[in-house]
Amino acid sequence: MRTTGSVRRVWLAGALVGVSALVAGAGCALFQSEQVSKGQKLYGHYCMHCHGEHGRQNEGYNWGSMPDPRPKDLSAKEEMSTFKDEELFATVSRDMKDTTPEVGDKIGDDEFAVPTMPTFKYTLSEEEIWAIVAYVRTLHGTKLQYDVDGRKKGLQDQLQAAQQKYDQAKQALEAAEKKAAEEAKKKGAESDDDAASKEEEALAVVAKELERAKTAEANFSARPKFASVARPDLTVKPGQAPKLSDVGRRLYTNKYGCNACHRVGEAGGIVAPALDRAGFRLNATWVYRWIKYPQSMKPDTRMPNLGLSDQDARAVTLYLATLRASSQAKPLEKASN
Ligand code: HEC
Ligand code: HEC
């Protein structure tokens, strides 16, 4: 009996070595397919209504209702292969730009700035956006090449380096303060408040760098979190309201592309409730809070946080308050989920 047992153990050990060699070889492919299926889920929730399940034109239910330019064909290998992974990432994770000619933002020749393509920079983690890019690659039959793990490690290293610099600067400040106090004591004078001002300034600089490195590292694997939105001051000086709501209307279309998902009158997308009667239906303070940070009220909403500044959110809120279509003219549309 004993012999059989040990023979069996030897055989088992051999089989295990074989299996682990296989797993090591397949590890990378396994990670890749996990990343792609994670990306597929996110794409289904955040992208598919506009871009379609396979990335094709007129496939997503919102495609036909959108203003021009309509979402391009993500399954077109020839065109999509001309974009680097980093470029796709940058499109999905950017700051929105006011595309109004002349009064809007400066936009570079090669810069992607279509307002009706939302940003997900303020909604998803960096890792999630890379997973989405990995999935988008499969729509046109290629693969993500970008070293996502390397990026993660890079951010961790940067954080560690920033922490070290901070600790050193703090020690330097403490040493300078101690020295100043000792010298003052020798002279029998009051300690000079400005003696360590250079070290204080240096510490403030590296403290900011450390904050930035911490945020970058945290936003890699966790969705961005923001402080809860303070109660806005929505009072407007008499005579200012029309001007401000005009700015709001401009930002609504030309910067944040709210019309990609929402309808006013006959124009706009059908991902979300129509806003024709927003001025009657919705409380302005609530609207302001919602558009600044939708995920704080509904974590899984399809409406991304578009990174509105306080000023922009105020103008857009005032614009929505002017939308008061009669209920007969246009029945309310419900969001389709
Ligand atoms: C509200 C509709 C809408 C949603 C939601 C949306 N897109 Fe887009 N997307 C557009 C429009 C409009 C364009 C601009 C026209 C074009 O270039 O296709 C665009 C363009 C793109 C492009 C091409 C960029 C370029 O440089 O030409 C990519 C890639 C893309 N979207 C990926 C995504 C991904 C990934 C998601 C989900 C995380 C997403 N989109 C969500 C509407 C949308
Ligand atoms: C990618 C699509 C999308 C974009 C872009 C978008 N929204 Fe939304 N929005 C939604 C969805 C979906 C809802 C429904 C909320 C839910 O149940 O998740 C919503 C809800 C709202 C509501 C509440 C409506 C109601 O009747 O309850 C307001 C107000 C609103 N959005 C304003 C805006 C504004 C202003 C912008 C531009 C700054 C904007 N949205 C951009 C998808 C979008």
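An account of the accompanying structure is given in this report. Here the structure is a predicted model, which means the values were calculated and not measured.

Close contacts around ligand 1 come from 25 residues, with Cys 47, Cys 50, His 51, Lys 72 and Met 117 the closest. In this structure, His 51 approaches ligand 1 through a side-chain N or O atom, which is 2.8 Å from a nitrogen atom. In the environment of ligand 1, an oxygen atom lies 2.4 Å from a nitrogen or oxygen atom belonging to the backbone of Lys 72. Partitioning the shell around ligand 1 into residue classes produces 19 nonpolar, 4 polar and 2 charged.

Coordination sphere of the iron atom of ligand 2, protein contribution only: His 262 (NE2) and Met 303 (SD), at 2.0 to 2.2 Å. The exposure class assigned to His 262 is buried, which follows from its relative accessible area of 12%.

A separate point is the coordination of the iron atom of ligand 1. Summarising the metal site, the iron atom of ligand 1 is bound by the protein donors His 51 (NE2) and Met 117 (SD), whose distances to it range over 2.0 to 2.2 Å. Geometry at the iron atom of ligand 1 is octahedral, judged from its 6 donor atoms and the angles of 88 to 179 degrees they form at the metal. Within this pair, whereas His 51 is found in helix α2 (residues 48-51), its partner Met 117 is found in the loop between α4 (85-92) and α5 (126-139), the two being separated by 66 residues in sequence. Assigned by exposure class, His 51 and Met 117 land together as buried.

Here we come to the site of ligand 2. Every one of the 21 residues lining ligand 2 counts as a neighbour, but Cys 258, Cys 261, His 262, Thr 301 and Met 303 are closest to it. At 2.6 Å, a side-chain N or O of Lys 298 approaches an oxygen atom of ligand 2. When contributions to the shell around ligand 2 are tallied by element, the ones reaching two or more residues are α10 (284-292) and α12 (310-321). The element contributing the most residues to the shell around ligand 2 is α10, with 3 residues. Grouping the amino acids of the shell around ligand 2 by side-chain chemistry returns 16 nonpolar, 2 polar and 3 charged.

Because an α-helix packs 3.6 residues into every turn, residues spaced three or four apart end up facing the same way. Its 40 residues place the ends of helix α6 (residues 148-187) 59 Å apart at the C-alpha level, agreeing with the 58 Å of an ideal helix rising 1.5 Å per residue. Looking at α6, one finds that the buried residues are Val 148, Leu 155, Leu 159, Ala 162, Ala 169, Leu 173, Ala 176, Ala 180 and Ala 184. Gly 188 sits one or two positions beyond α6 and adopts a positive phi of about 65 degrees.

Looking now at the pattern of salt bridges. As enumerated under the stated definition, the model contains 12 salt bridges in all. Note that Lys 121 is salt-bridged to Asp 95, the shortest N-O span being 3.0 Å. Residue Lys 121 is found in the loop between α4 and α5, and its partner Asp 95 is found in the loop between α4 and α5; the two are separated by 26 residues along the sequence. Lys 121 gets classed as partly exposed once you look at its relative accessible area, which sits at 31%. Since its relative accessible area comes to 38%, Asp 95 is described here as partly exposed. A salt bridge links Arg 249 to Asp 246; the nearest nitrogen and oxygen atoms lie 2.8 Å apart. Placement of both Arg 249 and Asp 246 in helix α8 (residues 241-254) is noted, with a separation of 3 residues, approximately one turn of the helix. Of the residues examined, Asp 246 reaches a relative accessible area of 42% and is grouped as partly exposed.

The geometry of an aromatic ring pair comes down to the distance between the two centres and the angle between the two planes. One pass over the full model with this rule turns up 8 aromatic pairs. When the centroid spacing of 5.8 Å and the interplanar angle of 70 degrees are considered together, the rings of Tyr 46 and Phe 120 count as edge-to-face. In this pair, Tyr 46 sits in helix α1 (residues 2-46) while Phe 120 sits in the loop between α4 and α5, placing the two residues 74 residues apart along the sequence. Like Phe 120, Tyr 46 is buried. Put simply, the rings of Phe 89, Trp 130 and Tyr 146 touch in pairs and so form one group of aromatic residues. Directly above the aromatic system of Trp 63 lies the positively charged group of Arg 70, at a separation of 5.1 Å from the ring centroid.

Another point: the packing of α6 against helix α7 (residues 197-221). Where α6 meets α7, the axes come as close as 8 Å, and the angle between the chain directions of the two elements is 160 degrees. Relative to α7, α6 is oriented roughly antiparallel. The way α6 lies across α7 gives a crossing that is left-handed. Of the residues that constitute the contact of α6 with α7, the class distribution is 16 nonpolar, 3 polar and 10 charged.

On the surface, Glu 174, Glu 177, Glu 190, Asp 192, Asp 193, Asp 194, Glu 200 and Glu 201 cluster together to form a negatively charged patch. The set of elements that each furnish at least two residues to the negative patch consists of α6 and α7. Relative to the elements of secondary structure, Glu 200 occurs in helix α7. Residue classification places Glu 200 among the partly exposed positions, given a relative accessible area of 41%.

It is worth spelling out the environment of Asn 62 at this point. Relative to the helices and strands, Asn 62 resides in the loop between α2 and α3 (77-80). Asn 62 sits in the buried class, given a relative accessible area of 0%. Along the backbone, Asn 62 and Met 48 are 14 residues apart, and their C-alpha atoms lie at a distance of 8.9 Å. With residues up to four places along the chain from it excluded, the contact list for Asn 62 reads His 49, Cys 50, Ala 260, Gly 269, Ile 270 and Val 271.

Calculation criteria
- Residues numbered from 1 in each chain as written.
- Chains lettered and ligands numbered in written order.
- Predicted model: local features only at pLDDT ≥ 70, side-chain atom pairs only at ≥ 80, totals over all residues.
- Heavy atoms only, no water.
- Near = heavy atom within 4 Å.
- Polar contact = N/O pair within 3.5 Å; in protein donor to acceptor, adjacent residues only side chain to side chain.
- Nonpolar A, V, L, I, M, F, W, Y, C, P; charged D, E, K, R; others polar.
- Donors = N, O, S within 2.8 Å, 3.2 Å for Na, K, Ca; no water.
- Buried < 20%, exposed > 50% of the residue type's maximum accessible area, 1.4 Å probe, protein only.
- Tetrahedral: all angles 85-135°; square planar, octahedral: opposite > 155°, others 65-115°.
- Helix = DSSP H or I, 4+ residues; strand = E, 2+ residues; numbered from the N terminus.
- Expected span 1.5 Å × (residues − 1).
- Salt bridge = Lys/Arg side-chain N within 4 Å of Asp/Glu carboxyl O.
- Phe/Tyr/Trp six-rings, centres within 6.5 Å; stacked < 30°, edge-to-face > 60°.
- Lys NZ or Arg CZ within 6 Å of the ring centre and 35° of its normal.
- Axes fitted to C-alpha atoms, helices over the stretch in contact; angles between N-to-C directions.
- Parallel < 35°, antiparallel > 145°, perpendicular 65-115°, else oblique.
- Left-handed = near helix turned anticlockwise from the far one by under 90°.
- Patch = residues over 30% accessible without salt bridge, like charges linked within 9 Å, V, L, I, M, F, W, Y side chains within 5 Å.
- Areas by Shrake-Rupley, 256 points an atom, 1.4 Å probe, with all protein chains shown as cover.
- Lys, Arg positive; Asp, Glu negative; His and termini not counted.
- Charge placed at Lys NZ, Arg CZ, Asp CG, Glu CD.
- Contact = heavy atoms within 4.5 Å.

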